[in-house]
Amino acid sequence: MRVLLVGAGGVGTAVTRIATRRPFFEAMVVADYDLGRAEAAVAALGEDETRFLAERVDAGDEAAVTELLRRHACDVLLNATDPRFVLPLFRAARAADATYLDMAMSLSHPHPEHPYEECGEKLGDAQFAQAEEWEKAGALALVGMGVEPGLSDVFARYAADELFDGIEEIGVRDGANLTVDGYDFAPSFSIWTTIEECLNPPVVYESDRGWFTTEPFSEPEVFDFPEGIGPVECVNVEHEEVLLVPRWVDARRVTFKYGLGREFIETLKTLHLLGLDRTDPVTVPSAAGPVAVSPRDVVAACLPDPATLGDRMRGKTCAGTWVRGTKNGEPREVYLYHVVDNEWSMAEYGSQAVVWQTAVNPVVALELLATGAWSGAGVLGPEAFPARPYLDLLTAYGSPWGIREQ
């Protein structure tokens, strides 16, 4: 397997640090708009690691990405950029006859008249619109293959196959007790993506109603997370699992709730109130004259890079899937989860917990594809594949998962 990894930020760099320990691939080209960042990711692996090389590429330049795939004879494109670049990378992979993997899907657009009741263009709609083309070509686009979405979807598949006879509700629940020394506000993941998913109308799925939307931060609940994290208030947030799980898993209701915390929610609301969540450029004065900038990009530039916060972070992060249903005629309720301790991930990989937890999952998926344990054609989510090989391999990577009866 020859892989083109696009994006050498926190998650992309963590991908290289995890993949370097595995023998399943022949080469990995690490490409970024900032060549120095790609070179740094490769150099950190040491002189003895010759399977990696750095290139510069603009992720929004479909033709350039296609050319890079062909020049290095890459048969897989792993997208580690933010969701703005999903579609050009998705199309470039198809043009080059390469398998495609991403960790976040194409962006949504709220309903123009009823944004908090009806769906407009949903997450991933633009990719699923091309599913027939991929399937006819015998090509695979594995979408939403990070931790959430990704591992959370694998948990949903596992629950349906091995733990339940019937499922009433699948609810992804994400929480942490992470703190960052020296910062009052320092998100542990991309603020650009966080704003996108938190301020868009959350989507809920019900089998008798289909997909519909609600107000941001709606339906607050306190969820007790395992391994010492404890109770965290969680709220509805737009996320891919709600759009993916019902396509392959039979459940009467699917939700995603994120443990943001009251202060974080209020900060996001303030950004929205001031228009600082906008992506359309505004013109501002500068020493060189008027320049057009995206307010959201300014917010991101003012905050610390999440990839650099590992030494200041303390605590654990938990991603998991809560499932309620029946087994052998009796009610059952479980929480399947994956916890990463920042102290461990920094000591073992030099990557902070949130980016490491995101990065390990596409590497596991790549290995399953390389060995043939997973295969398919079309635009498919993680729940379209058998869960057991994935969970066994994740454990073999030294990062076990857990299950708690509720």
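Right above here is the structure, for reference.
Each value, and the rule that gives it
Residues numbered from 1 in each chain as written. Predicted model: local features only at pLDDT ≥ 70, side-chain atom pairs only at ≥ 80, totals over all residues. Heavy atoms only, no water. Helix = DSSP H or I, 4+ residues; strand = E, 2+ residues; numbered from the N terminus. Rg over C-alpha atoms; globule rule 2.2 N^0.38 Å. Buried < 20%, exposed > 50% of the residue type's maximum accessible area, 1.4 Å probe, protein only. Contact = heavy atoms within 4.5 Å. Areas by Shrake-Rupley, 256 points an atom, 1.4 Å probe, with all protein chains shown as cover. Lys, Arg positive; Asp, Glu negative; His and termini not counted. Charge placed at Lys NZ, Arg CZ, Asp CG, Glu CD. Core = buried A, V, L, I, M, F, W, Y, C linked by side-chain atoms within 4.5 Å. Pairing = 2+ DSSP bridges. Axes fitted to C-alpha atoms, helices over the stretch in contact; angles between N-to-C directions. Salt bridge = Lys/Arg side-chain N within 4 Å of Asp/Glu carboxyl O. Polar contact = N/O pair within 3.5 Å; in protein donor to acceptor, adjacent residues only side chain to side chain. Patch = residues over 30% accessible without salt bridge, like charges linked within 9 Å, V, L, I, M, F, W, Y side chains within 5 Å. Parallel < 35°, antiparallel > 145°, perpendicular 65-115°, else oblique. Nonpolar A, V, L, I, M, F, W, Y, C, P; charged D, E, K, R; others polar.

Caption draft 1: Main features of the overall build of the chain. Across its full length, the chain carries 14 helices and 20 strands. Computed over its C-alpha atoms, the radius of gyration of the chain comes to 20 Å, within 12% of the 22 Å expected for a compact globule of 406 residues. C-alpha atoms of the chain, sized along the principal axes, occupy 60 × 50 × 45 Å. Residue burial in the chain is summarised as follows: out of 406 residues, 56% are buried. Nonlocal contacts in the chain, meaning residues at least 24 apart in sequence, comprise 70% of its contacts between residues at least 6 apart. For the chain, the computed accessible surface area is about 16400 Å², with 48% contributed by carbon and sulfur atoms. Computed over 33 positive and 64 negative side-chain charges, the separation of the two mean positions in the chain equals 1 Å.

Caption draft 2: Representation of the nonpolar core. Of all hydrophobic cores here, the largest spans 89 residues; its most connected members are W374 and Y390. Per-element tally for this core: the top contributor is helix α13 (residues 353–371), with eleven residues. One finds V6, F90, A139 and V379 within the second-largest nonpolar core, a separate group that totals 28 residues.

Caption draft 3: How the structure looks around the environment of I403. Locating I403 in the fold gives a position in strand β20 (residues 402–405). Judged by relative accessible area, which is 39%, I403 ranks as partly exposed. Here the alpha-carbon distance between I403 and L336, two residues 67 residues apart in the chain, equals 4.4 Å.

Caption draft 4: Geometry of the pairing of strand β9 (residues 203–206). Across four bridges, β9 lies against strand β10 (residues 210–213) in antiparallel orientation. The partner of E206 across the bridge, within β10, is G210. The turn linking β9 back onto β10 is made up of three residues. Pairing of β9 with strand β13 (residues 253–258), which is carried by two bridges, proceeds in the antiparallel orientation. Within β13, the position partnered with Y205 by the bridge is V254.

Caption draft 5: Up close: the sheet that holds strand β19 (residues 378–380). Strand order in the open sheet formed by seven strands is β3-β2-β1-β4-β5-β6-β19, with parallel pairing between adjacent strands. Looking at strand neighbours, the two that pair on one side only are β3 (52–56) and β19, the edges of this open sheet. Each strand axis lies, on average, 20° off the axis of its neighbour in the sheet, ignoring direction. Relative to strand β2 (residues 27–32), strand β1 (residues 2–6) runs parallel, the two sharing five bridges. Along β2, the bridge assignment pairs V3 with M28. Contacts between helix α4 (residues 86–95) and the sheet are confined to β1, β4 (76–79), β5 (99–102), β6 (140–142) and β19, with β5 contributing the most and set at about 160° to the helix.

Caption draft 6: Inspection of unusual backbone geometry at higher detail. For the bond from E148 to P149, the omega torsion is 0°, close enough to zero to count as cis. Relative to the assigned elements, P149 resides in the loop between β6 and α7 (151–163). The backbone of E227 shows a phi angle near 55°, a positive value even though the residue is not glycine. By the element assignment, E227 lies in the loop between β11 (221–225) and β12 (230–236).

Caption draft 7: How the structure looks around the pattern of salt bridges. The tally for this structure, following the rule as stated, stands at 30 salt bridges. Linking R388 and D392 is a salt bridge whose minimum nitrogen-to-oxygen distance equals 3.4 Å. Linking R388 with D392, this pair stays in helix α14 (residues 387–396), spanning four residues, or about one helical turn. Residue class for R388 comes out partly exposed when judged on its relative accessible area of 32%. What makes D392 partly exposed here is its relative accessible area of 40%.

Caption draft 8: Representation of the side chain of Q127 in the model. Relative to the helices and strands, Q127 resides in helix α5 (residues 125–128). For Q127, a relative accessible area of 0% translates into the label buried. Of the polar contacts made by the side chain of Q127, one reaches the side chain of D102; its length is 3.0 Å. Discounting chain neighbours no more than four positions away, the residues touching Q127 are V86, L87, F90, Y100, D102, M105, S106, V143 and V379.

Caption draft 9: Expanded view of a negative patch on the surface. On the surface, E113, E117, E118 and E215 cluster together to form a negatively charged patch. One can find E118 in the loop between β5 and α5.

Caption draft 10: The arrangement of the packing of helix α8 (residues 191–199) against helix α11 (residues 295–302) in detail. In the contact formed by α8 and α11, the axes pass within 9 Å of each other and the chain directions differ by 130°. What the angle tells us is that α8 and α11 run oblique. Contacts from I191, W192, I195 and E196 of α8 reach α11 at R296, D297, V299 and A300. When grouped by side-chain class, the residues that make up the contact of α8 with α11 number five nonpolar, no polar and three charged.

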